[in-house]
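# Fold and contact review
So you can see what is in the structure, the chains are spelled out below.
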Amino acid sequence: MVGLLQFVRSTRIANWSLHLECIKDMIPWMYSYDRVNYSRYLSVYWRDMLALPETHPDAHELMKSGEFAVQRSDSSFAQVSVDMAIEQSINRDTKTKGGIIGCSLKPGAVDDGWSRLTIALL
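What counts as what
Along each chain, residue indices are assigned from 1 in the same order as the chain's sequence is written. Per-residue local features are limited, in this predicted model, to residues with pLDDT of at least 70; the limit for side-chain atom pairs, both in listing and counting, is 80 or more; totals at the level of whole chains, interfaces and linings are taken over all residues. Note that the side-chain values use all heavy atoms of the structure and ignore hydrogens as well as water. Put simply, DSSP H or I for four residues or longer makes a helix, DSSP E for two residues or longer makes a strand, and each gets a number counted from the N terminus. Three exposure classes are used, based on accessible area relative to the maximum for each residue type with a 1.4 Å probe and protein chains only: buried under 20%, partly exposed in between, and exposed over 50%. The protein chains shown are the only cover counted for residues, whose accessible areas, like all others here, come from Shrake-Rupley with a 1.4 Å probe. Here the aromatic set is Phe, Tyr and Trp, taking the six-membered ring for Trp, and pairing holds for ring centres within 6.5 Å; pairs whose planes are under 30 degrees apart are stacked, those over 60 apart are edge-to-face, and all others are tilted. Placement of a charge over a ring requires the Lys NZ or Arg CZ to be within 6 Å of the ring centre, with the centre-to-atom vector within 35 degrees of the ring normal. When checking whether two residues touch, look at their non-hydrogen atoms; a contact exists if any pair is within 4.5 Å. Each salt bridge in this description consists of a side-chain nitrogen of Lys or Arg and a carboxyl oxygen of Asp or Glu lying within 4 Å of one another.

### Considerations on the overall build of the protein
Counting its secondary structure elements, the protein contains seven helices and two strands. In the protein, the succession of helices and strands from N to C terminus is α-α-α-α-α-β-β-α-α. In the protein, buried positions account for 24% of the 122 residues. Within the structure as shown, the protein displays about 8,900 Å² of accessible surface, and the carbon and sulfur contribution to it stands at 60%.

Shown next, in the form of structure tokens:
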């Protein structure tokens, strides 16, 4: 449980080294709970992220500076992962009245969606 809370903390404070440490600590738990996909893909993810300084040094510097998390408010300890930021912003529109049905027929709908994605990731 503490490891999972540390993982959440690593994202909330955008600490890349803590993030990788938590991933490493969670891998054995995924195997013991027979979570086949998490076991398989977390191992590959962890290995790839450890190789990042050699394979993609610029991306590694961005990750170390906290660019793997998105701050959408002025509150401290409020950063979320990029995929969650997309869920909280763009995908919310699909759950409103009218939803996604027919949205591509509206003029400017595609441009509006891309501008929201850009703003969410900034």
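### Examining the packing of aromatic side chains
Under the definition given, this model contains two aromatic pairs. Between the aromatic rings of Trp-29 and Tyr-33, the centroid separation amounts to 6.0 Å while the plane-to-plane angle is 20 degrees, which identifies the pairing as stacked. Here the two residues Trp-29 and Tyr-33 agree in accessibility, since each one is exposed. Positioned over the ring face of Tyr-41 is Arg-40, at 5.7 Å from the centre of the ring.

### Focus: the side chain of His-60
Tracing the chain through its elements places His-60 in helix H5 (residues 57–64). On the basis of relative accessibility, which here comes to 14%, the residue His-60 falls in the buried class. Those residues in contact with His-60 that sit more than four places away from it in its chain are Trp-16, Leu-52 and Pro-53.

### Observations regarding unusual backbone geometry
Located in the positive-phi region is Ala-14, a residue other than glycine, with phi close to 55 degrees. In this structure, Ala-14 sits in the loop between helix H1 (2–12) and helix H2 (16–32). Accessibility expressed as a relative area gives 13% for Ala-14, which makes it buried. We note that Asp-34 has phi near 60 degrees; this positive angle belongs to a residue other than glycine.

### Quick notes on the environment of Trp-16
If you trace the backbone, Trp-16 turns up in helix H2. Placed 33 residues apart in sequence, Trp-16 and Met-49 show a C-alpha to C-alpha distance of 10.0 Å. The residues contacting Trp-16, other than those within four sequence positions of it, are Tyr-45, Met-49, Leu-52, His-60, Met-63, Lys-64 and Phe-68.

### Here's the deal with the pattern of salt bridges
Scanning the model with the defined rule gives two salt bridges in all. In this structure, the salt-bridge partner of Arg-47 is Asp-48, at a minimum N-O distance of 3.4 Å. You can call Asp-48 partly exposed: its relative accessible area is 34%.

By themselves these figures say nothing about function.
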